[in-house]
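# Report on the structure
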Amino acid sequence: MPSSSMATADLRALVHGAGPTGALTALALAEAGWTVHLSDPLDAAQLRARNRAYAFNHSSRRLLERLGLWELVRPSLMPFRRLQLCDLGTGAEVPFTTADLGRRVASGADGSAAAVGWIGLHGPLMELLQRRLAAEPRVSQAMGVGSEAEPWPETAPDLVVAADGPHSPHREGLGIRVWQHTYSQSCLTAQVALRGTDADQAWELFRPEGPFAVLPLEPGRAQLVWSAPSSRCRRLESLGADGFLDALAGALPDRFQPDGLLDQPRSFPVGLLLARRLQRGCTVLVGESAHRCHPVGGQGLNLCWRDVAVLHRLARKASAGALAPSRLPRAYARRRWPDLLLTLLATDLLMRVFSNRSRLLLPLRRLGLAALANLAPLRRLSLGAMTNGPCRPW
Ligand SMILES: Cc1cc2nc3c(=O)[nH]c(=O)nc-3n(C[C@H](O)[C@H](O)[C@H](O)COP(=O)(O)OP(=O)(O)OC[C@H]3O[C@@H](n4cnc5c(N)ncnc54)[C@H](O)[C@@H]3O)c2cc1C
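Residues numbered from 1 in each chain as written. Predicted model: local features only at pLDDT ≥ 70, side-chain atom pairs only at ≥ 80, totals over all residues. Heavy atoms only, no water.

Of all residues adjacent to the ligand, which total 27 residues, the nearest are Asp 40, Arg 50, Arg 52, Ala 53 and Glu 288. Within the backbone of Pro 20, a nitrogen or oxygen atom sits 3.5 Å from an oxygen atom of the ligand. Note that a nitrogen atom of the ligand is positioned 2.7 Å from one of the backbone N or O atoms of Ala 53. Relative to its unbound accessible surface of 1000 Å², the ligand loses 81% to contact with the protein. For the shell around the ligand, the per-class residue count stands at eleven nonpolar, ten polar and six charged. (Near = heavy atom within 4 Å. Polar contact = N/O pair within 3.5 Å; in protein donor to acceptor, adjacent residues only side chain to side chain. Areas by Shrake-Rupley, 256 points an atom, 1.4 Å probe, with all protein chains shown as cover. Nonpolar A, V, L, I, M, F, W, Y, C, P; charged D, E, K, R; others polar.)

Before going further, it helps to examine the packing of aromatic side chains. As enumerated under the stated definition, the model contains seven aromatic pairs in all. When the ring of Tyr 54 is compared with that of Phe 56, the centres are 6.0 Å apart and the planes differ by 55 degrees; the resulting orientation is tilted. The two residues Tyr 54 and Phe 56 agree in class, both being buried. (Phe/Tyr/Trp six-rings, centres within 6.5 Å; stacked < 30°, edge-to-face > 60°. Buried < 20%, exposed > 50% of the residue type's maximum accessible area, 1.4 Å probe, protein only.)

On to the nonpolar core. Within the largest apolar cluster, 67 residues are counted, with the highest numbers of intra-cluster contacts made by Leu 24, Leu 29, Trp 34, Leu 159, Val 161, Trp 305 and Leu 311. The leading source of residues in this core is helix H10 (residues 300-319), at eleven residues. Leaving out residues up to four positions away in the same chain, Trp 305 has contacts with Pro 20, Thr 21, Leu 24, Phe 56, Ser 60, Leu 63, Leu 64 and Leu 125. Leu 85, Phe 96, Ala 202 and Val 270 belong to the second-largest nonpolar core, a separate cluster that totals 26 residues. (Core = buried A, V, L, I, M, F, W, Y, C linked by side-chain atoms within 4.5 Å. Helix = DSSP H or I, 4+ residues; strand = E, 2+ residues; numbered from the N terminus. Contact = heavy atoms within 4.5 Å.)

What follows concerns a positive patch on the surface. A surface patch of like charges, here positive, comprises Arg 277, Arg 280, Lys 317, Arg 327, Arg 330, Arg 334 and Arg 335. When residues in the positive patch are grouped by element, the largest group, three residues, is from helix H11 (residues 328-354). Counting through the fold element by element, Arg 280 comes out in strand S16 (residues 279-280). (Patch = residues over 30% accessible without salt bridge, like charges linked within 9 Å, V, L, I, M, F, W, Y side chains within 5 Å. Salt bridge = Lys/Arg side-chain N within 4 Å of Asp/Glu carboxyl O. Lys, Arg positive; Asp, Glu negative; His and termini not counted. Charge placed at Lys NZ, Arg CZ, Asp CG, Glu CD.)

These values are about where atoms sit, not about what they do.
Here's what the structure looks like:
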């Protein structure tokens, strides 16, 4: 990580939660010149153990570049250069390619950005972040021991970051309430051997029972993110490999041929969650402690990392003496609202508009997707919003 060239005050932050958001927050604050204490009740191995794949977009790529982490992380990611959006209710299809990214986004700092997005597995990603944290002298860690240990008993920290997930004990401790809605859909994830799609192509299939993403992991291997009514997800989860592959073949268009199940399918409930405020006192809510959205469009972790991007910019300003540390939490909250509200609204709308066979909506969907397929500026606009977030700068 490049060392900060700024004149740094001795600023200290406590980061609660060392999932993908908390780990990156600790690295971002350290890069900004802060001294950081990171804690999590889980130990490092438990933190790596989740079997998940994330779709990363250009907002995450840019943050990793700013933190000097992109070159480290990139080899573990699978780029996809095409994203095919298919509405199985109307038969309409929209192909997004790197040409729809616009020249500014498509040419990343090192020319490596010629991808619509990247898929990364949780384990290797966490391992890289943990290795970097261990080598970072500004970060101390307390993993697997609870968050009670107070590293600086004599002085209060300048900033407390609650990155402790959707059930955030710190958010609850501060009495911050949330708006939330649990969808009747759940989300089932599984890795499969799959023919009928290229290694550099991702798919977002809109099925009447819910969105279905097919994400390339390596040639012939894909991660599925399958949204469907919760009872159906539970049934699918309990089927044996053969039963699951049969159900999958029935759900996917004919061009896909599932050949094998490579892990145990797991379903989890999906919901919308938004904290009613993003800070209180010197504490800020970051990542899923502040918000959660439907997995459609792969926005979740990217949205969490855009929180980190804003915090990083403000932390640098504070280090440089251009922002009083006491004003940082409010500045953070003000800057995050537009992106959070628009992204949560967009994912909710996408899910509602496409997860049905409404006679009223089908012609509108056909029309909208035909416009998207035929008008390059419209494709650039929508892919730009998906990959950069709906409102830059963040
Ligand atoms: C079952 C499941 C499957 C998922 N699969 C996918 C997927 O396939 N693709 C995808 O893009 N997204 C997936 N998601 C969503 C994705 O995991 C989240 O977007 C991401 O984990 C958010 O990261 P986070 O660091 O904000 O929160 P979390 O990953 O939840 O991390 C929060 C951390 O806080 C810690 N913590 C809890 N209490 C305390 C405390 N008191 N003090 C300190 N630390 C504490 C927890 O131990 C945890 O490590 C899935 C989510 C779930 C629940």
